[in-house]
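Residues per chain, in single letters:
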2 protein chains.
Amino acid sequence: MRLSTKAQYAVRAMVSLNLNAGTAPVSLRAISEWEDISLTYLEQLFVKLRRGGIVDSVRGPGGGYVLARDAAQIRVDEIIDSVEESLVPVSCMEANGECACSSDSRCVTHSVWQGLGARIRMFLASMTLADLTAEARQQIKINK
Amino acid sequence: MRLSTKAQYAVRAMVSLNLNAGTAPVSLRAISEWEDISLTYLEQLFVKLRRGGIVDSVRGPGGGYVLARDAAQIRVDEIIDSVEESLVPVSCMEANGECACSSDSRCVTHSVWQGLGARIRMFLASMTLADLTAEARQQIKINK
DNA sequence: AAAATAATTGACAGTTTTAGTCAGGTATGA
DNA sequence: TCATACCTGACTAAAACTGTCAATTATTTT
Ligand code: FES
Ligand code: FES
């Protein structure tokens, strides 16, 4: 029941992006240094984040990435969806649902996992990037 | 964010055990046939379930496994703990907590995962084996 | 006591997923 | 045109997952 580092990194990078967002776009190189994440790995993630409509890219010198919309409108579950990490605890509920549990269409434990998946989704959908950024700002203040 | 089959199988086997529990112990061979899970894999799981205090073993002919206590007293999260599936979404909260996220003791997204882990635990702790078994009985009735 | 049953243990292997790296290509602005 | 920065796809080492196999030990029935 571990979240992949892909999802963890994506969320962390987005917070970092939003924290340091000024008038100019933020380069991946900068995020890479701040968060100590491999640049090439970040590139992979941001391709998906852009396709997911979470960020927009700005090319050329002085370019980088900016939020595609207001931070308060970006939910955490959207970020995770974009990097293609499933939030469903069992495979039988996936898009191409294949469940090997039993010969019957649904096994007896199906509803438990369904409930669990719904809770996870609900929790992550209840938090926005703006929330996380505000929390991060507070924490930085405390550490000083 | 996928639950391992180990955890899925363990819960399913426990429901099956409880469903078919009469006066005599239930053998793993029987569960293996009912649920179509490899016998040797079940053996691995039940060693851990026994050590976790979920079931008791009865050896010899006519032996098998019985619940160590009433089904209403067995929570789903206990079953999953017994087979050593972590319910925590990130490694930094594990017992031997090692977090590679950042040089600081806690990264900005730590609290999100902490909250998520707590929700997962809470949900699974709110359901008992008795609940699942009752649900399974109803479902079987409907299918008939 | 002997045989049959069933649990118990530990080692092992094939497959899949993860967590990245590497090498190059393409678009943009100065 | 040249530096910057994004974009793409192939590739890989390591870990985890999902089991299997072989052998042993304990208990009950005959
Ligand atoms: S059918 Fe969905 S968990 Fe078994
Ligand atoms: S320190 Fe726990 S998630 Fe980063």
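No experiment lies behind these values; they were computed from the predicted model shown. (Residues numbered from 1 in each chain as written. Chains lettered and ligands numbered in written order. Predicted model: local features only at pLDDT ≥ 70, side-chain atom pairs only at ≥ 80, totals over all residues. Heavy atoms only, no water.)

**Quick notes on the confidence of the model for chain A**
Model confidence for chain A is summarised by a mean pLDDT of 86, while 91% of its residues fall at 70 or above. Across chain A, the secondary-structure element scoring lowest on mean pLDDT is helix α6 (residues 129-143) of chain A, at 89, and the one scoring highest is helix α4 (residues 76-82) of chain A, at 93. (pLDDT = per-residue confidence, 0-100. Helix = DSSP H or I, 4+ residues; strand = E, 2+ residues; numbered from the N terminus.)

**Concerning the interface of chain B and chain A**
When the parts come together, some accessible area is lost, and that loss is often what is quoted as the size of the interface. Between chain B and chain A, the contact holds 37 residues from the first and 37 residues from the second. Summed over both sides, the interface of chain B with chain A buries roughly 3,500 Å², with 64% coming from carbon and sulfur. One can count zero salt bridges joining chain B with chain A. Of all the secondary structure elements, the ones that give two or more residues to the side of chain B that touches chain A are α1 (5-19), α5 (110-125) and α6 (129-143) of chain B. Here the side of chain B that touches chain A gets nine residues from one element, more than from any other, and that element is α5 of chain B. For the side of chain B that touches chain A, a count of residues per class yields 21 nonpolar, eight polar and eight charged. (Contact = heavy atoms within 4.5 Å. Buried area = accessible area lost by both parts, 1.4 Å probe. Salt bridge = Lys/Arg side-chain N within 4 Å of Asp/Glu carboxyl O. Nonpolar A, V, L, I, M, F, W, Y, C, P; charged D, E, K, R; others polar.)

**Quick notes on the pairing of strand β2 (residues 64-67) of chain B**
Residue and element names in this part refer to chain B. Bridge count between strand β1 (residues 55-58) and β2: four bridges; the pairing is antiparallel. What sits directly across from V58, in β2, is G64. Counting the residues between successive antiparallel strands, the hairpin from β1 to β2 contains five residues, one of them, G60, with a positive phi of roughly 85°. (Pairing = 2+ DSSP bridges.)

**Things to note about helix α2 (residues 28-35) of chain A**
All names here are of chain A. For α2, every residue scored as buried is listed here: L28, A30, I31, S32 and E35. The inward-facing, buried residues of α2 contact α1 (5-19), α3 (39-51) and β2 (64-67). Just past α2, the residue D36 takes up positive phi, approximately 60°. (Buried < 20%, exposed > 50% of the residue type's maximum accessible area, 1.4 Å probe, protein only.)

**Things to note about the protein's contact with DNA strand D**
For DNA strand D, the set of nearby residues contains 23 residues, the closest of which are R51 and Y65 of chain A together with T5, S38 and Q44 of chain B. In the model, a phosphate oxygen of DNA strand D is placed 3.2 Å from a nitrogen or oxygen of the S57 of chain A side chain. Within the side chain of Y9 of chain B, an N or O atom sits 3.2 Å from a phosphate oxygen of DNA strand D. The set of elements that each furnish at least two residues to the surface near DNA strand D consists of α3 and β2 of chain A together with α1 and α3 (39-51) of chain B. (Near = heavy atom within 4 Å. Polar contact = N/O pair within 3.5 Å; in protein donor to acceptor, adjacent residues only side chain to side chain.)

**Observations regarding the protein's contact with DNA strand C**
Inspection of the region around DNA strand C gives 26 residues, with T5, S38 and Q44 of chain A together with S57 and Y65 of chain B positioned closest. Among atoms of DNA strand C positioned within 4 Å of the protein, sugar and phosphate together represent 74%. R50 of chain B is positioned such that a nitrogen or oxygen atom in its side chain is 3.1 Å from a phosphate oxygen of DNA strand C. A distance of 2.9 Å separates a phosphate oxygen of DNA strand C from a polar side-chain atom of S57 of chain B. Take the surface near DNA strand C: its biggest share by element is four residues, from α3 of chain B.

**Observations concerning the packing of helix α5 (residues 110-125) of chain A against α5 of chain B**
In the contact formed by α5 of chain A and α5 of chain B, the axes pass within 10 Å of each other and the chain directions differ by 155°. By the angle class used here, α5 of chain A and α5 of chain B are roughly antiparallel. In this structure, α5 of chain A meets α5 of chain B at a crossing whose hand is right-handed. The segment α5 of chain A lies against α5 of chain B, with V112, G115, L116, R119, I120, F123 and L124 of chain A engaging V112, G115, L116, R119, I120, F123 and L124 of chain B. For the contact of α5 of chain A with α5 of chain B, the class distribution of residues is 10 nonpolar, two polar and two charged. (Axes fitted to C-alpha atoms, helices over the stretch in contact; angles between N-to-C directions. Parallel < 35°, antiparallel > 145°, perpendicular 65-115°, else oblique. Left-handed = near helix turned anticlockwise from the far one by under 90°.)

**Things to note about the nonpolar core**
If you look at the biggest cluster of nonpolar residues, it comprises 83 residues, and the most contacted ones within it are M14 and F46 of chain A together with F46 of chain B. With near-sequence residues (within four places) excluded, M14 of chain A lies in contact with F46, L49, I54, V55, L67, I79 and L129 of chain A. (Core = buried A, V, L, I, M, F, W, Y, C linked by side-chain atoms within 4.5 Å.)

**With respect to the relation of the copies chain B and chain A**
Relating the two copies of this chain is a rotation about some axis coupled with a shift parallel to it. If you rotate chain B by 180° and push it 0.0 Å along the axis, it lands on chain A with an RMSD of 0.0 Å. Classification of the inter-copy transformation places it as that of a two-fold axis. Of every C-alpha in chain B, the one belonging to M1 of chain B sits nearest the axis of rotation, 2.6 Å from it. A symmetric contact is evident, with 100% of the interface residues of chain B recurring at the interface of chain A. (Least-squares fit on C-alpha atoms with pLDDT ≥ 70 in both.)

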